[in-house]
Amino acid sequence: MIQAGRIRNFSIISHVDHGKSTLSDRILELTHAVDAREMREQFLDSMELERERGITIKAQNVRVHWRDHVLHLIDTPGHVDFGYEVSRSLAACEGVVLLVDASQGIEAQTLANCYLALEHDLEIVAALNKIDLPAADPDRYAGEIEQVLGLPAEGILRISAKTGEGVVELLDEIVSRIPAPRGDAAAPLRALVFDSYYDQYRGVVNAVRVVEGTLRSRSRVRLFQAGSTHEVEEIGIRSPRNEPVDELGPGEVGYLIAGIKAVGEARVGETVTEAARPATEPLEGYQDPKPMVFCGLYPLDGDELPDLRDALEKLQLSDASITFEPETSAALGVGFRCGYLGLLHMDIARERLEREFGLSLIATAPSVEYVAHLTNGSSQRVDNPSAMPAPQQLESIEEPILALTIITPSEYTGTVMDLCQARRGVLGKMQYLSPERLELIYTVPLAEVVVDFFDQLKSRTKGYASLDYEPAGYQPDDLVKVDVLLNGAPVDAFSSIVHKSRSLDYGRKMTAKLRELIPRQLFDVPIQAAIGGRIIARETVKAKRKDVLAKCYGGDITRKRKLLDKQREGKRRMKSIGRVEIPQEAFISALRLEE
Amino acid sequence: MYIHIPFCARRCDYCAFSTWTDRHFLRSAYVDACIAHVRLVQSGVVEVVCPNGDTTSTTCQPGPPATLYVGGGTPSQLEPADLSRLLEAVERQPATEVTIEANPDDVTETWAGTARRAGATRISLGVQSLDPVVLGGLGRAHGATAVASAVAAIARAGIASYSVDLIYGGAGETAESWRATLQGVLDLDPPPQHVSAYALTVEAGTPLSRHPSRHPDEDEQASRYEIADTIFEAAGLRWYEISNWAKPGFECRHNMNYWAQGDYLAIGAAAHGHLAGTRFRNTTLPERYVEAIASGRSPVVWSETLAPAARELEALELALRTRAGVPRANLPIGDDPVLARLVQADGGGNLVLSRRGRLLANEVACRLSASPMPSSEPSPRAARRPGRPASPGESARSAETQRETV
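Each value, and the rule that gives it
Throughout this document, residue positions are counted from 1 along each chain, in the order its sequence is written. For this description, chains carry letters from A and ligands carry numbers from 1, given in the order in which they are written. The model is predicted, so local features are restricted to residues of pLDDT at least 70 and side-chain atom pairs to those at 80 or more, both for listing and for counting; the totals for chains, interfaces and linings are taken over all residues. In computing side-chain values, all of the structure's heavy atoms are included and hydrogens and water are not. What fixes the domain bounds is an automatic or database domain assignment. Two residues qualify as a contact provided that any one of their heavy atoms is within 4.5 Å of a heavy atom in the partner residue. Note on terms: buried area is the combined drop in 1.4 Å-probe accessible area of two parts once they are placed together, counting the loss on both. For salt bridges, the criterion is a side-chain nitrogen of Lys or Arg within 4 Å of an Asp or Glu carboxyl oxygen. In protein, a polar contact means a hydrogen-donor-capable atom and an acceptor-capable atom, both N or O and within 3.5 Å, with residues adjacent in sequence counting only if both atoms are side-chain atoms; elsewhere, any N or O pair within 3.5 Å suffices. For the purposes of this entry, the term helix denotes a DSSP run of H or I that reaches at least four residues, the term strand denotes a run of E that reaches at least two, and both are numbered from the N terminus. Throughout this entry, Asp, Glu, Lys and Arg are counted as charged residues, while Ala, Val, Leu, Ile, Met, Phe, Trp, Tyr, Cys and Pro are counted as nonpolar. The remaining residues, Gly among them, count as polar. How sure the predictor is of each residue is captured by pLDDT, a score from 0 to 100. We define a nonpolar core as any set of buried Ala, Val, Leu, Ile, Met, Phe, Trp, Tyr and Cys residues linked to one another through side-chain atoms lying within 4.5 Å. Relative accessibility decides the category of a residue: with a 1.4 Å probe and only protein chains considered, values under 20% of the type maximum give buried, values over 50% give exposed, and everything between is partly exposed. Here the aromatic set is Phe, Tyr and Trp, taking the six-membered ring for Trp, and pairing holds for ring centres within 6.5 Å; pairs whose planes are under 30 degrees apart are stacked, those over 60 apart are edge-to-face, and all others are tilted. A ring is considered to have a charge above it if a Lys NZ or an Arg CZ atom is located within 6 Å of its centre and within 35 degrees of its normal. Strand pairing is defined by DSSP finding a minimum of two bridges between the two strands. Between N-to-C directions, angles cover 0 to 180 degrees, with each direction set by a line fitted to C-alpha atoms, over the stretch in contact for helices. Relative orientations are named as follows: roughly parallel for angles under 35 degrees, roughly antiparallel for angles over 145 degrees, roughly perpendicular for angles from 65 to 115 degrees, and oblique for any other angle. By the definition used in this description, the sense in which the near helix is turned from the far one sets the handedness, with an anticlockwise turn below a right angle giving left-handed and a clockwise turn giving right-handed.

Colleague: Is there a simple way to think about the domain arrangement of chain A in this case?
Modeller: Put simply, an interface is often sized by how much accessible area is lost when its parts join up. Here the domain parsing of chain A yields domain 1 (4-177), domain 2 (190-274), domain 3 (293-366), domain 4 (371-477) and domain 5 (481-590). In this structure, domain 2 of chain A and domain 4 of chain A have C-alpha centres spaced 38 Å apart.

Colleague: How should the domain arrangement of chain B be read in this particular structure?
Modeller: Residues and elements named next belong to chain B. You can read the domains of chain B as domain 1 (2-258 + 390-395) and domain 2 (309-382). Here the C-alpha centre of domain 2 lies 29 Å away from the C-alpha centre of domain 1. In this assembly, 15 residues from domain 1 lie in contact with 14 residues from domain 2. Between domain 1 and domain 2, the buried area comes to about 1500 Å², and carbon and sulfur atoms account for 58% of it. Summed over the shared surface of domain 1 and domain 2, the number is 3 salt bridges. Remark: the boundary between domain 1 and domain 2 carries 8 residue pairs in polar contact (both at pLDDT 80 or more). Those elements that provide at least two residues to the side of domain 1 that touches domain 2 are α7 (218-234), β9 (238-241) and α15 (392-397). In terms of residues, the side of domain 1 that touches domain 2 owes the most to one element, α7, which gives 5 residues. Tallied by class, the residues present in the side of domain 1 that touches domain 2 amount to 8 nonpolar, 2 polar and 5 charged.

Colleague: Explain the confidence of the model for chain B to me, please; I cannot follow it from the model alone.
Modeller: Detail in the predicted coordinates should be disregarded across regions flagged by low pLDDT. In this model, chain B carries a mean pLDDT of 89, and residues with pLDDT of at least 70 account for 88%. Interface predicted TM-score (ipTM) for the complex: 0.88; the corresponding pTM is 0.74.

Colleague: What should I look at first to understand the nonpolar core in this one?
Modeller: One broad trend across soluble globular proteins is that nonpolar side chains are buried collectively. I3, I123, L125, L166 and F232 of chain B are the most contacted members of the largest nonpolar core, which has 110 residues in total. In terms of residues, this core owes the most to one element, helix α1 (residues 27-42) of chain B, which gives 7 residues. In terms of nonpolar packing, the next biggest core, distinct from the first, is built from 49 residues, Y370, V450, L457 and I497 of chain A among them.

Colleague: What should I look at first to understand the packing of aromatic side chains in this one?
Modeller: Between two aromatic rings, the relevant description is the distance of the centres plus the angle of the planes. Taken as a whole and judged by the stated rule, the model has 11 aromatic pairs over all chains. Consider the rings of Y2 of chain B and Y69 of chain B, whose centres lie 6.2 Å apart with planes at 25°: the pair is stacked. Highlighted residues: Y2 of chain B in strand β1 (residues 2-5) and Y69 of chain B in strand β4 (residues 67-72), separated in sequence by 67 residues. Like Y69 of chain B, Y2 of chain B is buried. Between the NZ or CZ atom of R381 of chain A and the centre of the ring of Y474 of chain A, over which it lies, the distance is 5.4 Å. Geometry around W20 of chain B places R23 of chain B over its ring, the cationic atom sitting 4.3 Å from the centre.

Colleague: Which parts of the structure should I look at to understand the interface of chain A and chain B?
Modeller: Every contact between the two is made by 29 residues of chain A and, on the other side, 44 residues of chain B. Carbon and sulfur atoms supply 53% of the area buried between chain A and chain B, which totals about 3600 Å² over both sides. Contact with chain B buries surface across chain A, with L522, R545 and K546 of chain A losing the most and accounting together for 22% of the total. Taken together, the links from chain A to chain B amount to 10 salt bridges. A salt bridge links E304 of chain B to R561 of chain A; the shortest N-O distance between them is 2.9 Å. Between the two partners, chain A and chain B, sit 21 residue pairs in polar contact (both at pLDDT 80 or more). Looking at which element gives the most residues to the side of chain A that touches chain B, the answer is helix α13 (residues 557-573) of chain A, with 11 residues. Its residues placed into classes, the side of chain A that touches chain B shows 9 nonpolar, 4 polar and 16 charged.

Colleague: When you look at the sheet that holds strand β13 (residues 242-245) of chain A in this model, what are you seeing that I'm missing?
Modeller: Strand-to-strand pairing in sheets goes through backbone hydrogen bonds, with the strands running parallel or antiparallel. All names here are of chain A. Ordered by their spatial adjacency, 8 strands build an open sheet running β11-β10-β16-β7-β8-β15-β12-β13, and the pairing between neighbours is antiparallel. Two strands bound the open sheet, and with one partner strand each, they are β11 (229-231) and β13. Strand-to-strand twist in this sheet, taken as the mean axis angle between neighbours without regard to direction, amounts to 40°. Bridge count between strand β12 (residues 234-238) and strand β15 (residues 253-257): 3 bridges; the pairing is antiparallel. Paired with E234 across the bridge in β15 is I257.

Colleague: How should I be thinking about the pairing of β1 of chain B in this particular structure?
Modeller: Both faces of the sheet carry side chains from a regular strand, because those side chains alternate between them. Residue and element names in this part refer to chain B. Going residue by residue along β1, you find Y2 and H4 tucked away on one face and I3 and I5 tucked away on the opposite face as well. Where β1 meets β4, 4 bridges bridge the pair, whose relative direction is parallel. Looking at the pairing, I3 lines up with V70 of β4. With 2 bridges joining them, β1 and strand β11 (residues 266-267) adopt parallel strand pairing. When the bridges of β11 are listed, I3 appears paired with I267.

Colleague: Would you mind going over the packing of helix α9 (residues 413-422) of chain A against helix α11 (residues 453-460) of chain A with me for this structure?
Modeller: In a packed pair of helices, the relevant descriptors are the angle between the two axes and the axis-to-axis distance. Residues and elements named next belong to chain A. At a minimum axis separation of 10 Å, α9 and α11 run at an interaxial angle of 160°. Classed by the angle they form, the pair α9 and α11 counts as roughly antiparallel. Relative to α11, α9 is oriented so that their crossing is right-handed. Side by side, α9 and α11 meet where T415, V416, D418, L419 and C420 of the first sit next to F453, Q456, L457 and R460 of the second. Per-class residue counts for the contact of α9 with α11 are 5 nonpolar, 2 polar and 2 charged.

Colleague: What am I meant to see in the environment of H499 of chain A here?
Modeller: Residues and elements named next belong to chain A. Position of H499 relative to the elements: it lies in strand β29 (residues 496-499). Here the alpha-carbon distance between H499 and R424, two residues 75 residues apart in the chain, equals 9.1 Å. Once residues lying within four places of it in the same chain are set aside, the contact partners of H499 are R424, D477, D478 and L479. Within the local environment of H499, its side chain forms a polar contact with the side chain of D477, the two groups lying 3.1 Å apart. In this structure the side chain of H499 is engaged in a polar contact, spanning 2.8 Å, whose partner is the side chain of S501.

Colleague: Got a minute to help me understand unusual backbone geometry in this structure?
Modeller: A negative phi holds for most residues other than glycine; trans holds for most peptide bonds. The omega angle of the peptide bond from G72 of chain B to G73 of chain B is 20°, so this bond is cis rather than trans. Cis geometry marks the peptide bond from D189 of chain B to P190 of chain B, where omega comes out at 0°. One can find P190 of chain B in the loop between α6 (175-186) and β8 (194-199). Even without a glycine there, the phi angle at R424 of chain A is positive, about 65°. Its location among the elements puts R424 of chain A in the loop between α9 and β24 (426-434). A positive phi angle, close to 65°, is found at A270 of chain B, a residue other than glycine. Among the secondary structure elements, A270 of chain B is positioned in the loop between β11 and β12 (272-275).

Colleague: Please clarify how the environment of I267 of chain B should be interpreted in this entry.
Modeller: Residue and element names in this part refer to chain B. With respect to the helices and strands, I267 occurs in strand β11. As for I267 and S76, which are separated by 191 residues in sequence, their C-alpha atoms are 17 Å apart. Not counting the four nearest positions on each side in its chain, I267 is found in contact with M1, Y2, I3, H4, C34, H37, V38, V41, N282 and Y289.

Colleague: Even after reading the chapter, I still don't get the environment of K571 of chain A, so can you show me in this structure?
Modeller: In this fold, K571 of chain A is placed in helix α13. It is 8.5 Å that separates the C-alpha atoms of K571 of chain A and I582 of chain A, two residues lying 11 residues apart in sequence. Not counting the four nearest positions on each side in its chain, K571 of chain A is found in contact with E581 of chain A together with E363, C366 and R367 of chain B. A distance of 3.0 Å separates the side chain of K571 of chain A from the side chain of E581 of chain A, its partner in a polar contact.

Colleague: Explain the sheet that holds strand β20 (residues 361-363) of chain A here, please?
Modeller: Residue and element names in this part refer to chain A. Strands sit in the order β18-β19-β17-β20 across an open sheet of 4 strands; the sheet is antiparallel. The outermost strands of the open sheet, each flanked by one partner alone, are β18 (323-329) and β20. In this sheet, adjacent strand axes meet at a mean angle of 30° when their direction is disregarded. Inspection of the sheet shows β18 paired to strand β19 (residues 333-340) by 7 bridges, in the antiparallel sense. Across the sheet, the residue bridging to F324 is C338, located in β19. Each of β17 (293-299), β18, β19 and β20 is contacted by helix α7 (residues 305-318), which is oriented at about 15° to β19, the strand it contacts most. Relative to the sheet, helix α8 (residues 343-357) contacts β17, β19 and β20, its axis offset from that of β17 by approximately 15°.

This is how it looks when you write it as structure tokens:
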């Protein structure tokens, strides 16, 4: 057991590309945790997808020794979708290193995480990174940090994680400024699960921070939220390789393997206590994961449905925040309605399903969860637009709202405000971080953010604006469901909930798009957009007049027969809606265009 | 019997046939090979690649063929002497239909006389259009006057009948210019007893495929077809296959045999043949064909033998395109009023494509079912696969083999 006074627990708060991984690598090197021969750049980002996207999705932690002290570097997820997990990682720390690119300044998400650290009463050690860059302007951005966060500019370190300059001083500063953890080793055990991942061979591996008491190997532990009891198989520390230990005392960070089958059984935020002598209260701050964004996932080939179910179940072993339930669509067949923490989470989950499980998937447009208040006084939650009750049964619809924080160079203020305005945003606050940079706080309906808001923001500001958000409750608005009808029959995949003022535009856009995509049939096919029974837009796919092979080539009957076989096979694979035969590719193209 | 002559003076922009413009030096050797091959098959020996990959000899019925069709390419590009000895190598009965495809530019009185003496009973003229704008757009060289003199030469040589091939949907064609071409063809002296009119089709890899601005509009082509059908019927030329019209008695018997799933022998490079359910094809390159015949090897490089259900479905698909139509029981269209407009009943219980249906023949063909519906009279075929249409999977189970080299 390490004496708590020698321990320092900290996270690095930083924006994508501001150098967190490089700094982590440098710390591992300087503390001899990893020798140069083994040094793989960005050692801590191990998942393939993470390395590709240059972001950290799943937190890892590592123990290093610096002079007489033991440092636990607790890595945090680098995306706003995983805000809750960030808060749990911070709850395992006594301090943070705020790492800011000296050529770019603080960004929205970094700022949000700093506020979170301040809420947790964590000590902030600020450092401006990349001072070796010609474009670095540390004085300017030190002033900005002082202005925004109230941290004295002269106390801000100036380092280059790349060259190693100032990193030794940073480590010393961590030891001297971040408080040691406190806790009674003899008290009943309370340890925080701040990360949880799935290992194919060992089952669930939890990252834990002991707050009070002592976690011992070969003891029995109890999980407060899950209410389950487990035999401890192994506890240990990561340095960064797993090293089993006999016990972990107050302030220590390590891993716990206890025969847990799925991460959902030991969620982030869970409190571990001793089964024989349980603590009376769990640690504060636990939340069930709440999916924010939903979409239908369908196998491209209907025969792969069991494979998709299997893959989702396996994915859930390692990602407890994904939800799914069966869903049937007339247009797309049988699939699953899946819930995610946010858009990136959705993309990652889908990519993992395709990459790790070899599936080909169709995804519907992302949706949010509405609350429909019915005229009979009851309410229901609706995460699939096609399930929204008819207008005559509806009293009102409420939708989830986000509080957005946007930091942008001030020259783009106009275009950013236009974007927010167009997305039904309401300006809450506006403040200058410096004469050149501005912070804007908006409330915007989540539904308006899930459709390419981030891409729009980036392209309008040439990539300079940054965004953070947090849920801000529900609000009613004048929302309607627009259905798309093909030859009179609704196409569920294209139903959408839109603001009334936007409904005509949506209807026209979808019908025009489908007119291009739907192949001509033997009869005229009306494509209509409707609200309830009222048609708001209409297009027609004219009946085809010619579909015949002109000639057989000098007795080559085979060629003709094969062409017909192909056409017949194509028909067999088509979906039929309102007697209209539609190739699946048409739906896929339409869904893609909608994004 | 089909003989393929893979030589052309130039290649038309839309053409995806097997033909060559740079191998005229091969012509004589090629004709030698064809003649040797004709002698071999007329003795009853046809070598076909079997599904297991072995080449074996199959016998066909020896004796003169009922029809002989020399197609291309451009058979009229052969030297007259080569054409004569080729045709004379084929045993014939007095009633054998002998068709030679010809380019109007090549049909001089001398050529027509040679063809006549060699036994030609029918000339198929590749006219395509009488509109110079349209001809230019198709990448064809001849002019309209060549057609009139070719027709006169055919008549003077005493060849019994001729047919005209037309293409509609080319760039620059209008409804008026199409009507003018049709009228011009009917006004030829003497008028043709047979016309084929094909919708211009964009084939992959052709010069036409690379010029989307010249691609035909299918709706316009449908209108052109209707115009042609109206004018031909009024002139006494009756449709008997989707793209073919003839005065009664002048239908092309050779092509009718294809559509009746009959047997035919394949002579020449890239020629297709059919014997008792096995379809086969000769090697594509003329020089390879010449080599194979010279060294006593089979020129056949591909064959397939259809499973019974697939063969039956194929027969229906072919019949549907003709005036014969298909038995009602094989076309289950239910009470769909849209489909009902695509066919009409003939006197004898068959369904025949209506004019509208001919333009949508693929849609109708996709609904054909090889096994009669349970409601129809029991037949041996119905007993084999009761109540279930043959699926494309049937043909997938048919054996197909390909040999890369000969």
